[in-house]
Amino acid sequence: MGVTRGKDMIQRKKRLPRVFDYFVEEDQFAGGNTFCAGCPAELALRTVPKVMGKDIVMVGTPSCSAPVLHGQNLGSWHRLAYYACVMTGVASSASGLARYYQRVGIDATVVCFTGDGDANDVGFQPLSGAAERNEHVVYICYDNEGYMNTGNQRSSSTPLGAATSTTPVGKSARGKRNLSKYLPLVIALHPVAYVATATLSNMEDYAKKLLKAKEKSKEGFAYIHVFSPCVVGSRIATDSAIEVCRMAVRTNYFPLWEMEDASFRFTYNVAHPRPIQEYLQLSGKFSHFNEEDVERFQEAVNHRYTIVDSLCRSGGAFEIPSVQATVSR
Amino acid sequence: MRKHDTKVITGNACSAYAVRLCQPDVVALYPITPQTEVVEQLARFKADGELQAEMIEVEGENSAMNAVTAASIAGGRVYTATSSYGLAFMYDAMMQTAGFRAPVVMTNVNREPPGIHAVSSGQQDMIATRDIGWLQLVVEENQEVLDVTIQAFRLAEDYDIQLPVMVNYDGYFVSHSAEAVKIPMPEDVAQYLSALEKQPKRMKLVPGRSMGAGSHGLLLAYTELRYKHVAAMERAKAKFDQIDKEYGDFFGRYYGGQIEEYKTDGADLILVTSGSAAGTAKTVIDVMRDKGMKVGLIKLRMFRPFPRERLSRALQRRKAVGVLDRSVDFGWNCGPVYREIRALTPEIGCVPMLSFIAGLANLDITAGDVEAMIDDIYAASLGSRFQETTWVSLEEKT
Amino acid sequence: MAIRKTFSYPYESAWSDADELLLHLDTGTWRTKRPQIDTDKCNYCGLCALYCPPQCMLARGDYFEVNLQYCKGCGICAKECPRGAITMVLEELSGKINAET
């Protein structure tokens with residue numbers, strides 16, 4: 001059974017934490033599925049209909065989520081309506097769905113759920129196109145920093161120096177040679193309704209953003225970038241994914257911010273950011289790092305964080321005037 | 001005959017007028033020469049309130065095909081248009097459209113595909129996409145563009161078929177030439193297409209309903225689905241004949257269905273071709289018939305599925321057959337339609353067959369060219385040795 | 001030999017229907033360790049249920065019960081529990097502990 005009953009029961013909390021209030025729907029996904037043990041993307045995916053409800057239409061594509069989002073013949077792993085398409089067609093298919101439902105007056109939330117490989121690389125063009133058109137779509141990118149379903153190949157979201165199967169560490173190479181793309185900011189520079197970064201250590205923040213994204217998708221494009229490190233690809237223990245997420249936030253490697261109507265703000269303030277070494281040591285893909293690598297990585301983190309910080313600082317140098325992204329037709 | 005408007009419009013404009021009459025739900029727009037006027041005209045219709053569809057100005061043809069396919073699976077009537085490079089760019093999405101059995105209608109204005117840059121007419125783009133499960137129709141001139149585009153919606157959305165349809169016509173020769181065209185009235189087209197409403201409803205993606213499109217096809221299910229797809233394509237042949245006849249009864253214009261047989265009665269020699277070249281060929285055949293030459297034309301109108309049965313019947317008891325292709329069949333040193341007609345030998349017997357490759361990249365196929373082809377076919381029918389493949393533009397006239 | 005007329009798969013294209021067939025894997029067979037909750041220490045904060053990726057912490061009023069059919073044994077619940085109320089116990093040993101209770 002796994003539970004031992006003691007004689008002196010201590011004070012139970014009267015109610016569960018506030019984050020549970022966001023869960024309006026029961027888990028729409030079936031019991032066991034093919035996500036690896038300890039995978040944060042599984043948590044990210046299961047949370048989506050719990051917050052957004054079961055009337056969403058999911059758009060999925062080959063990725064870690066495909067064996068769960070897509071059916072197998074007649075059988076399905078979840079109770080949601082879904083559209084499984086090619087990697088090059090996620091945001092464009094979502095546009096087609098959203099436009100048709102708008103045309104016939106069906107109030108549907110179309111939710112894309114793809115990995116960083118699709119959002120950053122092969123599916124980037126349609127993502128950028130849909131964002132520019134401010135389509136009424138929610139697009140969730142779960143960032144495990146590589147093509148993980150195919151065995152840990154690098155994507156343009158893989159960080160500098162990381163060891164992957166296509167950027168291995170050997171006699172003449174030491175992992176990925178260049179910095180990664182920072183997709184949430186790229187999307188924020190499109191005329192979209194909402195952009196947010198989230199991760200699984202901050203569940204209430206994630207739930208709030210899912211709900212906000214659903215609301216905002218009635219006006220335009222809502223994008224959420226979820227940091228969900230791969231247990232296998234990062235060579236971390238199955239129990240450590242949440243800790244890695246937490247450390248990514250605390251080192252400012254993955255700041256939590258949102259942009260709404262062209263106004264940026266942090267949603268979680270890190271008072272005393274930790275040195276990046278504390279994040280790097282948790283993850284096996286950086287195990288070959290020497291001091292110089294760590295320093296360079298810290299510079300990359302500082303660089304990215306400074307840009308985000310300068311946009312988010314309220315009352316600071318940047319007072320970005322809001323702009324109406326789409327005029328009525 | 002029902003009331004029609006008459007306008008002098010280009011082939012491209014005919015596509016746009018036909019689409020407006022069919023009232024699609026979602027249209028994806030992306031420009032590519034020589035199709036651009038199609039999307040421009042559709043955008044103008046929308047801007048003037050004459051078209052109610054959701055217009056998605058996509059950022060690439062791949063997105064165009066994905067967007068309309070998804071909208072089709074959600075239950076909508078959809079349309080897009082492209083050509084050559086765009087057709088190639090949407091290739092993966094097109095495979096998905098066919099496999100999903102989404103009744104998308106697409107205009108493809110024939111243009112030479114990438115490989116040798118050319119902004120000119122040619123059928124290679126259509127040939128390059130023949131093996132992905134789309135229905136492909138080819139038309140000769142502007143009125144046919146308008147009529148067949150309307151028929152394409154009727155064919156694609158037919159409950160027995162549910163397959164995407166590509167309507168092809170020659171870039172420039174048809175797309176950019178203006179002719180007087182009879183345009184049906186909207187209420188008549190609506191009535192014509194209302195036959196679809198009497199049929200069972202196709203499956204669609206509904207929010208809150210636990211069905212999903214694009215499930216993995218595992219084990220035997222995959223083979224079964226492929227079988228069903230091929231079977232649907234087979235049914236499309238008779239269906240297209242039926243649709244052509246019904247359209248003719250309704251609007252007064254018949255085209256012959258899968259193939260048009262022009263002066264083939266008693267013809268010893270047959271020339272097979274498709275597209276605007278058929279128009280030139282018909283003129284030459286008229287002249288040669290007057291001179292006593294027993295020659296006829298078969299205009300191929302349906303390319304996929306291949307009109308095997310009707311061609312076999314039409315090519316019976318001929319003395320020689322020539323096929324004019326505006327494309328090449330890489331690997332067989334001949335034209336693609338020629339190769340497919342050659343595969344009918346078991347049904348029609350060993351008849352001299354000649355392949356003519358002409359009209360690539362906007363080169364004109366002149367009446368003189370066609371006459372020379374028919375002379376070659378005639379010589380072959382008499383038993384002389386003949387050259388299987390003639391590259392018409394490269395042959396030196398001896 | 002002819003193509004058989006009935007097909008195992010009902011549709012013309014690849015649709016799935018969860019109402020007809022909802023799939024699940026017995027991922028409980030994956031694990032080598034299972035969570036053991038000490039109810040003396042547990043104060044029902046719910047973090048284990050919050051962070052469990054396959055959502056295997058079932059709320060039972062004033063305690064959480066592990067869904068052993070699907071629990072993959074990742075150990076996130078044990079790591080995240082702020083009161084250290086959960087320990088991961090090897091599968092072979094857990095049977096003995098139950099027998100003693």
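By convention here, each chain's residues receive numbers from 1 onward along its written sequence. Chain letters start at A and ligand numbers start at 1, both assigned in the order the entries are written. For this predicted model, a pLDDT threshold of at least 70 governs which residues receive local features, and a threshold of 80 or more governs which side-chain atom pairs are given and counted, while totals over whole chains, interfaces and linings are taken from all residues.

Quick word on the overall build of chain A
Counting its secondary structure elements, chain A contains 10 helices and nine strands. For 329 residues, the compact-globule estimate of 2.2 N^0.38 gives 20 Å, and the C-alpha radius of gyration of chain A, at 20 Å, lies within 12% of that figure. When the backbone C-alpha atoms are referred to their principal axes, chain A occupies close to 60 × 60 × 45 Å. For the exposure call, what matters is how many other C-beta atoms sit within 10 Å of a residue's own: 20 or more marks it buried, 12 or fewer exposed, and in between partly exposed, using C-beta atoms placed from the backbone. Burial statistics for chain A: of 329 residues in total, 55% are counted as buried. We call two residues in contact if the C-beta atoms placed from their backbones are at most 7 Å apart. Of the contacts made within chain A by residues no fewer than 6 positions apart, 71% connect residues no fewer than 24 positions apart. Every helix listed is a DSSP run of H or I at least four residues long, and every strand listed is a run of E at least two residues long, numbered separately from the N terminus. In this description the radius of gyration comes from C-alpha coordinates, and the expected globular size is given by 2.2 Å times residues to the power 0.38.

Thoughts on the overall build of chain C
On a plain count of helices and strands, chain C comes out with three helices and five strands. Mapped from its N terminus to its C terminus, chain C presents α and β elements in the order β-β-α-β-β-α-β-α. Taking 101 residues into account, the globule formula puts the C-alpha radius of gyration at 13 Å, and chain C, at 20 Å, lies well above it. Taken along the three principal axes of its C-alpha coordinates, chain C extends 70 × 30 × 20 Å. Looking at chain C as a whole, 44% of its 101 residues are labelled buried. Considering only contacts within chain C whose residues lie at least 6 apart along the sequence, 70% involve residues at least 24 apart.

Observations concerning the interface of chain C and chain A
Each side of the interface is counted separately: chain C has 46 residues, and chain A has 46 residues. Listed by contribution, the elements that provide at least two residues to the side of chain C that touches chain A are β1 (15–17), β2 (33–38), α1 (47–51), β4 (64–66) and α2 (76–80) of chain C. Note on residue categories: nonpolar means Ala, Val, Leu, Ile, Met, Phe, Trp, Tyr, Cys or Pro, charged means Asp, Glu, Lys or Arg, and polar means any other residue, Gly included. In the side of chain C that touches chain A, the residues fall into 22 nonpolar, 13 polar and 11 charged.

Some remarks on the confidence of the model for chain A
Averaged over all residues, the pLDDT of chain A equals 92, while 91% of them reach at least 70. Per-residue confidence from the prediction method is given by pLDDT, with values spanning 0 to 100. Below a pLDDT of 50 lies the segment residues 1–10 of chain A, which in the model reaches 21 contacts outside its immediate sequence neighbourhood of four places, other chains included.

Structural notes on the packing of helix α3 (residues 90–104) of chain A against helix α3 (residues 61–73) of chain B
The N-to-C vectors of α3 of chain A and α3 of chain B enclose an angle of 40°; their axes lie 7 Å apart at closest approach. The orientation of α3 of chain A relative to α3 of chain B falls into the category oblique. Between α3 of chain A and α3 of chain B the crossing geometry is right-handed. Contacts between α3 of chain A and α3 of chain B pair S92, S93, S95, G96, L97, R99 and Y100 of chain A from the former with S63, N66, A67, V68, T69, A70 and A71 of chain B from the latter. To obtain an axis, a line is fitted to C-alpha atoms, over the contacting stretch when the element is a helix, and the angle between two such axes runs from 0 to 180 degrees between their N-to-C directions. Each angle is binned into one of four classes, with values under 35 degrees roughly parallel, values over 145 roughly antiparallel, values of 65 to 115 roughly perpendicular, and all other values oblique. The crossing is said to be left-handed when, going from far helix to near helix, the turn is anticlockwise and less than a right angle, and right-handed when the turn is clockwise.

Notes on the pairing of strand β15 (residues 353–357) of chain B
Residues and elements named next belong to chain B. Of all the five residues making up β15, five are buried; the element is thus mostly covered by neighbouring parts of the structure. Side-chain alternation along β15 places M353, S355 and I357 on one buried face and L354 and F356 on a second face that is also buried. Pairing between strands is defined by DSSP: at least two bridges between them are needed. Relative to β15, strand β14 (residues 320–325) is paired through five bridges, and the arrangement is parallel. When the bridges of β15 are listed, G322 appears paired with L354. Sheet topology places β15 next to strand β16 (residues 389–391); three bridges connect them, and they run parallel. Each residue of the ladder has a partner; that of I357, found in β16, is W391. The definition of a right-handed crossover adopted here requires that, viewed with the strands pointing away, the path from the first strand over the helix to the second runs clockwise. A crossover links β15 with its parallel partner β16, the connecting element being helix α14 (residues 367–381), and its sense is left-handed.

Structural notes on the nonpolar core
To form a nonpolar core, buried Ala, Val, Leu, Ile, Met, Phe, Trp, Tyr and Cys residues must be joined through C-beta atoms within 7 Å. By size, the foremost hydrophobic cluster in this structure holds 249 residues, and its most contacted members are Y83, L97, V111, C112 and I140 of chain A. Residue ranges for the domains originate in an automatic or database domain assignment. Split by domain, this core shows at least three residues from each of two domains, domain 1 (4–251) and domain 2 (259–394) of chain B. Apart from residues no more than four positions distant in its own chain, Y83 of chain A is found in contact with V57, V59, S93 and L97 of chain A together with A70, I73, L205, A213 and G214 of chain B.

Description of the interface of chain A and chain B
The partner chain B presents 37 residues to the 35 residues of chain A that form the contact. For the side of chain A that touches chain B, the elements supplying multiple residues, two or more each, are β3 (81–84), α3 and α5 (124–132) of chain A. Take the side of chain A that touches chain B: its biggest share by element is 10 residues, from α3 of chain A.

Quick look at the sheet that holds strand β2 (residues 57–60) of chain A
Backbone-to-backbone hydrogen bonds join strands into a sheet, with any given pair of strands oriented parallel or antiparallel. Read across the sheet, 10 strands follow the order β9(A)-β8(A)-β6(A)-β7(A)-β5(A)-β4(A)-β2(A)-β3(A)-β9(B)-β1(C) without closing on themselves; strand pairing throughout is mixed. Either end of the sheet is taken by a strand with one partner, and the two such strands are β9 (263–266) of chain A together with β1 of chain C. Between one strand axis and the next, the sheet turns by 20° as a mean value, whatever way the strands run. Bridge count for strand β6 (residues 194–199) of chain A against strand β7 (residues 222–227) of chain A is six bridges, and the pairing is parallel. Paired with Y194 of chain A across the two strands is A222 of chain A, which belongs to β7 of chain A. Sheet strands touched by α3 of chain A: β2, β3, β4 (110–115) and β5 (138–143) of chain A. Its angle to β4 of chain A, the strand with the most contacts, is close to 175°.

Describing unusual backbone geometry
Residue and element names in this part refer to chain B. Between T33 and the following residue, P34, the backbone shows a cis peptide bond with an omega angle of 5°. Locating P34 in the fold gives a position in the loop between β2 (26–29) and α2 (36–47). Across the junction of R304 and P305, the peptide omega takes the value 0°, indicating a cis bond. Residue position: P305 is located in the loop between β13 (302–304) and α11 (308–314).

Describing the pairing of strand β7 (residues 165–170) of chain B
Residues and elements named next belong to chain B. Here β7 lies mainly inside the structure; six of its six residues are buried. Bridge count between strand β6 (residues 135–138) and β7: four bridges; the pairing is parallel. Looking at the pairing, L135 lines up with V165 of β7. Handedness of the β-α-β unit built from β6, helix α7 (residues 142–156) and β7 comes out right-handed.

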